[in-house]
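Structural characterization, general
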Amino acid sequence: MAELLQIALPKGRLGEKVYRMFAAAGFECPEALEDTRKLIFENPAAGVCYFWVKPSDVAIYVERGAADIGVVGKDVLMEYRPEVFELLDLKTGVCRLAVAGKKDFRDYTGHTLRVATKFPNITMEYYRQKCRDIDIIKLNGSIELAPILGLSDVILDIVETGKTLYENNLEPFETVAPVSARLVANCAAYQFKYQAISRVLSGLREQVEAVK
Ligand code: PRP
């Protein structure tokens, strides 16, 4: 029997949406959506094996070849720059990276801007291009709290609906980059499992086109 294609999907709402795209493309494995503590799900008939991992870990599994392909946000690819092939924009999980802060915040260039973020590399690069002196405050979640409590002047974070900013009296000031989910492949697997990966790629491409 041919080896199964190992696919890392991000846990959570985005991952479920993406799994449904794989299923609609002919690579289903219904057990993957069951409410269980199991981590790995195989469907030998479809030639696939799925596993759910933390969204920010997908790229690590794919880069190191524990997964042949995976789905990861463009934000993660920009932040960690893993050595993987980016094969397809799945046009789902659409959001943006933005700089935001308190509505009454007025920047002046004479001081070091304190920026709270989960994305220190993206932040560094963004302000380097603007030749702006910054102090990065690396947080792991609830970034919006930082300007409210005076921990930072602004944040650089994901904005999807804008609800979190709005409900906390914050406002987006600048868009840094658009973000969406991407299909990525391990570089070696892309050669050795080219046919299997190509089948998934064209199936998913059809799904993306279908919702246009
Ligand atoms: C993300 C992001 C914002 C929020 C934006 O947080 O960091 O906080 O979603 O979404 P919205 O514009 O639709 O309100 P996440 O839910 O991943 O949790 P976190 O704060 O723990 O990072």
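The preceding data block contains the structure.
So, a few notes on the structure that sits alongside this text. Model, not experiment: these values are computed from the prediction.

Around the ligand, the surrounding shell consists of Lys-118, Gly-141, Ser-142, Glu-144, Asp-157, Ile-158, Val-159, Glu-160, Thr-161, Gly-162, Lys-163 and Thr-164. The separation between an oxygen atom of the ligand and a polar main-chain atom of Ser-142 is 2.9 Å. Considered on its own, the ligand offers 490 Å² of accessible surface; in the complex 65% of this is hidden by protein. Broken down by secondary-structure element, the contributors of at least two residues to the shell around the ligand are β9 (154-159) and α6 (163-167). Tallied by class, residues from the shell around the ligand come to two nonpolar, five polar and five charged.

Counted by the stated rule, this structure contains eleven salt bridges. Residues Lys-193 and Asp-68 are paired through a salt bridge, measuring 2.7 Å at the closest nitrogen-oxygen approach. One end of the pair, Lys-193, is in the loop between α7 (187-192) and α8 (194-210); the other, Asp-68, is in the loop between α2 (58-63) and β4 (69-73), with 125 residues separating them in the sequence. A salt bridge links Arg-132 to Asp-107; the nearest nitrogen and oxygen atoms lie 2.6 Å apart. A residue pair is termed long-range when its members are at least 10 positions apart, and Arg-132 in the loop between α4 (120-129) and β8 (134-138) and Asp-107 in the loop between β6 (95-102) and β7 (113-117) qualify at 25 residues. Overall, Asp-107 belongs to the partly exposed group, its relative accessible area being 40%. A single network of salt bridges, built from pairs that share partners, joins Lys-74, Glu-86, Asp-89 and Arg-182.

Moving on: the environment of Ile-155. Mapped onto the elements, Ile-155 comes out in strand β9. In this structure the C-alpha to C-alpha distance between Ile-155 and Ala-45, which are 110 residues apart in sequence, comes to 47 Å. Contact partners of Ile-155, with chain neighbours within four places excluded, come to Ala-98, Val-99, Ala-100, Val-115, Ala-116, Ile-143, Glu-144, Ala-146, Pro-147 and Leu-165.

Moving on to the nonpolar core. Within the largest apolar cluster, 30 residues are counted, with the highest numbers of intra-cluster contacts made by Leu-9, Phe-22, Tyr-50, Ile-69, Leu-90, Leu-183 and Leu-204. Every element with two or more residues in this core is listed here: β1 (5-10), α1 (13-24), β3 (48-53), β4, β5 (85-89), β11 (181-185) and α8. Setting aside residues no more than four positions away along its own chain, Ile-69 makes contact with Leu-5, Gln-6, Ile-7, Ala-8, Phe-22, Val-62, Leu-183, Val-184, Ala-185, Ile-197 and Val-200. Ranked by size, the runner-up nonpolar core spans 15 residues in total, among them Leu-97, Val-99, Ile-122 and Leu-156.

What counts and what doesn't
- Positions within a chain are numbered from 1, following the residues in the order the chain's sequence is written.
- Owing to the predicted nature of the model, reporting of local features is limited to residues with pLDDT of at least 70; listing and counting of side-chain atom pairs is limited to 80 or more, with chain, interface and lining totals taken over all residues.
- Remark: hydrogens and water are excluded; side-chain values derive from all non-hydrogen atoms of the structure.
- We define proximity as follows: a residue is near a molecule or strand when any one of its heavy atoms falls within 4 Å of that partner.
- Two N or O atoms count as a polar contact when they lie within 3.5 Å, although within protein this holds only if one can serve as hydrogen donor and the other as acceptor, and sequence-adjacent residues are included solely when both atoms are side-chain atoms.
- To measure how exposed things are, a 1.4 Å probe is used in the Shrake-Rupley method; for residues, cover is taken only from the protein chains shown.
- What counts as a helix is a DSSP run of H or I of at least four residues, what counts as a strand is a run of E of at least two, and both are numbered from the N terminus.
- In this classification, Asp, Glu, Lys and Arg are treated as charged, Ala, Val, Leu, Ile, Met, Phe, Trp, Tyr, Cys and Pro as nonpolar, and every other residue, Gly included, as polar.
- Throughout this description, the term salt bridge denotes a Lys or Arg side-chain nitrogen within 4 Å of a carboxyl oxygen of Asp or Glu.
- The classification of residues rests on relative accessible area computed with a 1.4 Å probe and restricted to protein chains. Under 20% of the type maximum is buried, over 50% is exposed, and intermediate values are partly exposed.
- Should any heavy atoms of two residues lie within 4.5 Å, those residues are considered in contact.
- Buried Ala, Val, Leu, Ile, Met, Phe, Trp, Tyr and Cys residues that are joined via side-chain atoms within 4.5 Å together make up what is termed a nonpolar core.

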